[in-house]
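# Understanding the architecture of this molecule
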Amino acid sequence: MSRSYPSRPPRAGQILLALVCAAGVLAGAFLLLCFLGVLSPARISQQVSAWLDPQPEEEAAPLQTVFLPLDQLDQAEALAQGADGLVLPMKTDDGALGYVSAIDLAADAGTSWAGLDRNQALRELNDTPGLHTVAQVSCLRDDALVQADPALALQRVSGSAWRDEEGLAWLDPTDTQVQSYLAGVCQELAQLGFDEILLTNCAYPTQGAVETLATTGARPQALQTLCRRLQGALADYDVTLSVQGQADAAQEDPPSGQTSALLATFGRVWAQQDDQQALAVFQPCLLPTP
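I will try to describe carefully the structure that is included in this document. (Residues numbered from 1 in each chain as written. Predicted model: local features only at pLDDT ≥ 70, side-chain atom pairs only at ≥ 80, totals over all residues. Heavy atoms only, no water.)

### Let's talk about the overall build of the protein
Tallying secondary structure elements over the protein gives 9 helices and 7 strands in all. Among the 290 residues that make up the protein, the fraction classed as buried is 40%. Summed over its atoms, the accessible surface of the protein is roughly 16500 Å², and 53% of this surface lies on carbon and sulfur atoms. (Helix = DSSP H or I, 4+ residues; strand = E, 2+ residues; numbered from the N terminus. Buried < 20%, exposed > 50% of the residue type's maximum accessible area, 1.4 Å probe, protein only. Areas by Shrake-Rupley, 256 points an atom, 1.4 Å probe, with all protein chains shown as cover.)

In structure tokens:
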């Protein structure tokens, strides 16, 4: 007589049974971990919701600063109330430096600050906890250096130094002596402890009798070379190098020589109020009024 054996469930049924058992074990483990406080259903729900419906990260608001005249250094903290930081004129449009420089060319041109206690005062200011200090450097607009050595200037077609509508001369960014001087200024300011160095007039002039300028060659490439030199000079310093953007940066061949790609290499972009909309993609900081 043959024995009869109970029939085995089909393979699909076995798999389904195993899955049900595994789900039961996992559910039990989940409830136990929740009971012990290891897992939080509310927290898990938030994480799942964030994964299913990611929200765009909020962009940081542009820095709000005020201008600090150098004759008001002792009032710095009071003037900074309600602002994120202070902007100090460390190299003005006429080329004067707001600190004592050890650069030979600064001594030759008479641009270095005369008071010996200025650097110590700046170091103490820059060491103020919670205070963001920005050294403003007029990069290429510099009348003093041109008066000391006219060969450093952008030239007129006639061969003389070109001057803008205010009678100020501009430096030639392709000149290696100009590049070395500006790199040295930036390094000295970093050594004084500034949190940020802001390059203004880091462009070819676009105002005044620009049609009388001698041929300047490829302006974007010239500015790129200069900026890379300055960025490299600050590579070992804990300082942000920022730049004043020009409204024509989005053009294919900008007269200023600035391009959007160049601006993107800086830690921050600043703008005058009239140029903010044209540079909106960079969320520019507004240059404070002196």
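### Some points on the sheet that holds strand β4 (residues 196-200)
The 7 strands are arranged β1-β2-β3-β4-β5-β6-β7 in an open sheet whose pairing can be described as parallel. Edge positions in the sheet fall to β1 (65-67) and β7 (285-286), since each has one partner strand and no second. The sheet contact formed by strand β3 (residues 132-138) and β4 spans 5 bridges and is parallel. What sits directly across from Gln136, in β4, is Leu198. Its contacts with the sheet place helix α7 (residues 176-191) against β2 (85-91), β3 and β4, and it is angled at close to 150° to β4. (Pairing = 2+ DSSP bridges. Contact = heavy atoms within 4.5 Å. Axes fitted to C-alpha atoms, helices over the stretch in contact; angles between N-to-C directions.)

### So, the side chain of Asp164
Following the sequence through the fold, Asp164 ends up in the loop between α6 (143-148) and α7. A polar contact is formed between the side chain of Asp164 and the side chain of Trp170, at a distance of 3.0 Å. Not counting chain neighbours up to four residues away, the residues in contact with Asp164 comprise Arg141, Trp170 and Gln207. (Polar contact = N/O pair within 3.5 Å; in protein donor to acceptor, adjacent residues only side chain to side chain.)

### Structural notes on the pairing of β3
Taken across its 7 residues, β3 has 7 buried, putting it largely inside the fold. Of the pairings in the sheet, the one linking β2 to β3 comprises 6 bridges and is parallel in character. Its bridge partner lying in β3, Leu86 is registered against Thr133.

### Concerning helix α5 (residues 118-126)
Along α5, the residues that are buried comprise Arg118, Asn119, Leu122, Leu125 and Asn126. Along the axis of α5, the buried positions cluster into a sector of 125°, meaning they face one direction only. In this fold, the buried residues of α5 make contact with α3 (76-79), β2 and β3. (Arc of directions from axis to C-beta.)

### Some thoughts on the pairing of strand β5 (residues 240-244)
Counting buried residues along β5, 4 of its 5 residues qualify, which places the element largely inside the surrounding structure. In this fold, the crossover linking β4 to β5 by way of helix α8 (residues 219-233) has right-handed handedness. Relative to strand β6 (residues 268-271), β5 is paired through 3 bridges, and the arrangement is parallel. Bridging across to β6, Ser242 finds its partner in Arg268. (Right-handed = clockwise from strand over helix to strand, strands pointing away.)

### Details of the nonpolar core
In this structure, Leu88, Met90, Leu140, Tyr181, Leu189, Ile197 and Leu199 are the most contacted members of the largest nonpolar core, which totals 63 residues. Per-element accounting of this core gives the leading share, 8 residues, to α7. Other than its neighbours up to four places away in sequence, Met90 contacts Leu70, Ala96, Leu97, Gly98, Tyr99, Leu122, Ala135, Gln136, Leu189 and Phe194. Leu63, Val134, Leu198 and Leu287 belong to the second largest nonpolar core, which has 8 residues in total. (Core = buried A, V, L, I, M, F, W, Y, C linked by side-chain atoms within 4.5 Å.)

### Side note on the environment of Trp162
Structurally, Trp162 is set in the loop between α6 and α7. Placed 16 residues apart in sequence, Trp162 and Val146 show a C-alpha to C-alpha distance of 9.9 Å. There is a polar contact of 3.2 Å between the side chain of Trp162 and the side chain of Thr212.

### Structural notes on the environment of Asp84
Mapped onto the elements of the fold, Asp84 is located in the loop between α3 and β2. With relative accessibility at 39%, the residue Asp84 sits in the partly exposed group. As for Asp84 and His132, which are separated by 48 residues in sequence, their C-alpha atoms are 6.7 Å apart. With residues near it in sequence (within four places) discarded, Asp84 still touches Pro62, Leu63, Gln64 and His132.

### Here we look at α7
When the terminal C-alpha atoms of α7 are compared, their 22 Å separation across 16 residues agrees well with the 22 Å that a helix rising 1.5 Å per residue should span. Along its buried surface, α7 packs onto β2, α4 (104-109), β3, α6, β4 and α8. With a side-chain oxygen positioned 2.8 Å from the backbone nitrogen of Gln177, the residue opening α7 is Asp175. Once α7 ends, the next one or two residues include Gly193, with phi positive near 100°. (Expected span 1.5 Å × (residues − 1).)

### A closer look at the packing of α7 against α8
Packing of α7 against α8 brings their axes to within 9 Å, and their N-to-C directions diverge by 35°. For α7 against α8, the interelement crossing comes out right-handed. In contact with Thr176, Gln179, Ser180, Leu182, Ala183 and Gln187 of α7, α8 contributes Thr225, Leu226, Arg229, Leu230 and Ala233. Among the residues forming the contact of α7 with α8, the class breakdown is 5 nonpolar, 5 polar and 1 charged. (Left-handed = near helix turned anticlockwise from the far one by under 90°. Nonpolar A, V, L, I, M, F, W, Y, C, P; charged D, E, K, R; others polar.)

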